[in-house]
Amino acid sequence: MTELTFTRTPATRLPDAEREAVLADPGFGKRFTDHMISIVWDREQGWHDAEVLPYGPIPMDPASSVLHYGQEIFEGLKAYRHPNGDIVTFRPEANAQRLNESAARLALPELPVELFVQAIRELVTVDADWVPSGHDQSLYLRPFMIADESFLGVRAAERARFMVIASPAGPYFTGGVKPVSIWLSGEHARAGRGGTGAAKCGGNYASSLLPTRIAAQHGCAQVLFTDSATEDTIDELGGMNLFLVHRDGRLVTPELNGNILDGITRKSLIRLAQDRGLTVEERKVTVGEWRAGAADGSITEAFACGTAAVITPIGQLKSEQGVLVDFGDRAPGELTMSLRDELTGIQFGTVADRFGWVERIVTAEG
Ligand SMILES: *Cc1c(COP(=O)(O)O)cnc(C)c1O
């Protein structure tokens, strides 16, 4: 038995006019829908007490393990409104599986894939009015799991809570997709061999905040992290995977080396590119290779990818040594933009879903 019956406690809904005002310009991660999901786990009972609750504060003991030892993992996916009014999500089972891989690394309990998807369905169905219909708008879903046993001893908690909250999201780029500059961090690492780099956990993000602040001081939106041992092998950005595009159409992306996150956008783009007959190389990639290729013209485009921004073209790579790579006015590149259009087209229902990636949640006339 992996399905649970959700107890539903209806929220006082935000009045229609106020919700519409939020949806007109939602930004990112600022406003939340009327409801949230909570499911409790403990060693004796497993997963239980599945609930749809009014969005709001959660009871938490000051000795909760997550507050002291950072035992937390999360996911990120979106719900999209199709032109016919249907609401869909994109590859939710892949997020469910990845949550479980993160759970294993952080010694948290695994959540049955069906229960994860059921939780997403419950929330998106009850808060369907919150899925915006404007261009490039979506409802961002944030599933997460915390250890909330009240105990200061250092061991894996025997009590946890899984939750899902949702937040309407506007287009990541207002005024068209613009290339960003990224900062090569020489000083700070996000992952090392045997660490938590491949898990989607809050701790990885905590350690990326200082280098991201330094990057911003240099006019860069994101940090490029390298393998902490070689300081030359590229891992990924703080929250996005990286691709380099060769003039001959070959795509190169760092292999899943145990330090980087197995991005669902990355995985999907690999498939789309291969389906076009392009070669995708998942292997070790170095900063040196990127610099040399950009300098001799064999590497023509670079982009970062992840659920929030889908694809972000990279215009420049900078470091303490100065500008290492500069695509100038050639960015955003042609292949970068055409892959972005194809993937967002599938998500928003304007391009055929030939891989069965789209999962319908709410049908417009029913
Ligand atoms: C979430 C995340 C990504 C992107 O994964 P998607 O599934 O494509 O959203 C990449 N890197 C890190 C570190 C992440 O946390």
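Rules of the game
Residues numbered from 1 in each chain as written. Predicted model: local features only at pLDDT ≥ 70, side-chain atom pairs only at ≥ 80, totals over all residues. Heavy atoms only, no water. Salt bridge = Lys/Arg side-chain N within 4 Å of Asp/Glu carboxyl O. Helix = DSSP H or I, 4+ residues; strand = E, 2+ residues; numbered from the N terminus. Buried < 20%, exposed > 50% of the residue type's maximum accessible area, 1.4 Å probe, protein only. Disulfide = S-S within 2.5 Å. Axes fitted to C-alpha atoms, helices over the stretch in contact; angles between N-to-C directions. Parallel < 35°, antiparallel > 145°, perpendicular 65-115°, else oblique. Left-handed = near helix turned anticlockwise from the far one by under 90°. Contact = heavy atoms within 4.5 Å. Nonpolar A, V, L, I, M, F, W, Y, C, P; charged D, E, K, R; others polar. Expected span 1.5 Å × (residues − 1). Phe/Tyr/Trp six-rings, centres within 6.5 Å; stacked < 30°, edge-to-face > 60°. 1 Å grid on protein atoms, 1.4 Å probe; cavity = no way out; pocket = protein on both sides within 12 Å on 5 of 7 lines; lining within 4 Å. Points joined across faces, edges and corners; volume = space filled by probe spheres on them.

S.K.: How would you explain the pattern of salt bridges if you had to name every residue and give the values?
M.R.: This model, assessed by the stated rule, comprises 22 salt bridges. For Arg 13, the salt bridge identified is with Asp 34, shortest N-O distance 3.3 Å. You can see Arg 13 sitting in the loop between strand 1 (7–8) and helix 1 (16–24) and its partner Asp 34 sitting in the loop between helix 1 and strand 2 (35–42), a full 21 residues away along the chain. Residue classification places Arg 13 among the partly exposed residues on the basis of a relative accessible area of 38%. In this structure Asp 34 comes out as buried when scored by relative accessible area, which is 9%. Measuring nitrogen to oxygen at the nearest pair gives 3.2 Å for the salt bridge that ties Arg 250 to Asp 248. Given a relative accessible area of 56%, Asp 248 falls into the exposed group. Shared partners join several salt bridges into a network, and the residues in it are Asp 248, Arg 250, Glu 281, Arg 283 and Glu 289.

S.K.: Mind laying out the state of the cysteines, listing which residues take part and the relevant values?
M.R.: As enumerated under the stated definition, the model contains zero disulfides in all. Not engaged in a disulfide, the cysteine Cys 201 finds its nearest cysteine sulfur in Cys 305; these two sulfurs lie 19 Å apart. This cysteine, Cys 220, is not joined by any disulfide, and Cys 305 carries the nearest cysteine sulfur, 19 Å off.

S.K.: Explain the packing of helix 3 (residues 92–105) against helix 4 (residues 113–126) to me, using residue names and the numbers behind them.
M.R.: Between helix 3 and helix 4, the shortest axis-to-axis distance is 9 Å and the interhelical angle comes to 125°. Taken together, helix 3 and helix 4 sit at an angle that is classed as oblique. Crossing of helix 3 over helix 4 shows right-handed handedness. Here Pro 92, Glu 93, Asn 95, Ala 96, Gln 97, Leu 99 and Asn 100 of helix 3 lie close against helix 4, whose contacting residues are Val 113, Phe 116 and Val 117. Broken down by class, the residue content of the contact of helix 3 with helix 4 amounts to six nonpolar, three polar and one charged.

S.K.: Explain the side chain of Ser 268 to me, and be specific about the residues and the numbers.
M.R.: Along the chain, Ser 268 falls in helix 6 (residues 264–275). Exposure remark for Ser 268: the relative accessible area of 0% places this residue in the buried category. Residue contacts for Ser 268: discarding those within four places in its chain leaves Phe 90, Arg 91, Leu 343 and Trp 357.

S.K.: Break down helix 3 for me, citing the residues and quoting the values.
M.R.: What sets the pattern is the α-helix's 3.6 residues per turn: residues three or four places apart point alike. With 14 residues, helix 3 should reach 20 Å at 1.5 Å per residue; the first-to-last C-alpha distance of 20 Å fits that figure. In the stretch just after helix 3, Ala 107 is the one whose phi turns positive, near 55°.

S.K.: Talk me through the packing of aromatic side chains; I want residue IDs and the actual numbers.
M.R.: One pass over the full model with this rule turns up eight aromatic pairs. Ring centres of Phe 116 and Phe 162 lie 5.9 Å apart, and the angle between their planes is 45°; this geometry places the pair in the tilted category. Within this pair, whereas Phe 116 is found in helix 4, its partner Phe 162 is found in strand 8 (residues 159–169), the two being separated by 46 residues in sequence. As far as the burial class goes, Phe 116 and Phe 162 line up, both buried. Ring geometry for Phe 243 versus Phe 303: centroids 5.0 Å apart, planes at 15°, classification stacked. Of this pair, Phe 243 sits in strand 12 (residues 241–246) while Phe 303 sits in strand 15 (residues 299–306), placing them 60 residues apart in sequence. For the residue pair Phe 243 and Phe 303, the accessibility class agrees, reading buried in each case. Taken together, Phe 90, Phe 355 and Trp 357 form an aromatic cluster joined through their ring pairs.

S.K.: Just give me the short version of the layout of surface pockets, but keep the residues and values in it.
M.R.: Leftover empty space is mapped by rolling, across the atoms, a probe with the size of a water molecule. Empty space within the largest pocket amounts to approximately 570 Å³. Lys 200, Tyr 205, Gly 239, Met 240 and Ala 308 are, among the 29 residues lining the largest pocket, the residues nearest its centre. Residue contributions to the lining of the largest pocket peak at four residues, all from helix 5 (residues 202–217). Grouping the amino acids of the lining of the largest pocket by side-chain chemistry returns 14 nonpolar, eleven polar and four charged.

S.K.: How would you summarise the packing of helix 6 against helix 8 (residues 334–348) if you had to cite specific residues and measurements?
M.R.: Viewed as axis vectors pointing N to C, helix 6 and helix 8 meet at an angle of 110°, and their least axial separation amounts to 11 Å. Looking at the two axes, helix 6 sits roughly perpendicular to helix 8. As for how helix 6 packs across helix 8, the hand of that crossing is right-handed. The segment helix 6 lies against helix 8, with Thr 265, Ser 268, Leu 269, Leu 272 and Ala 273 engaging Leu 339, Glu 342, Leu 343 and Ile 346.

S.K.: For the environment of Asn 95, give the residues involved together with the corresponding values.
M.R.: Relative to the elements of secondary structure, Asn 95 occurs in helix 3. Since its relative accessible area comes to 2%, Asn 95 is described here as buried. Through-space distance from the C-alpha of Asn 95 to that of Val 66 is 22 Å; in sequence the pair is 29 residues apart. Setting aside anything within four residues of it in sequence, one finds Asn 95 in contact with Glu 75, Gly 76, Leu 77, Phe 90, Phe 116 and Ile 264.

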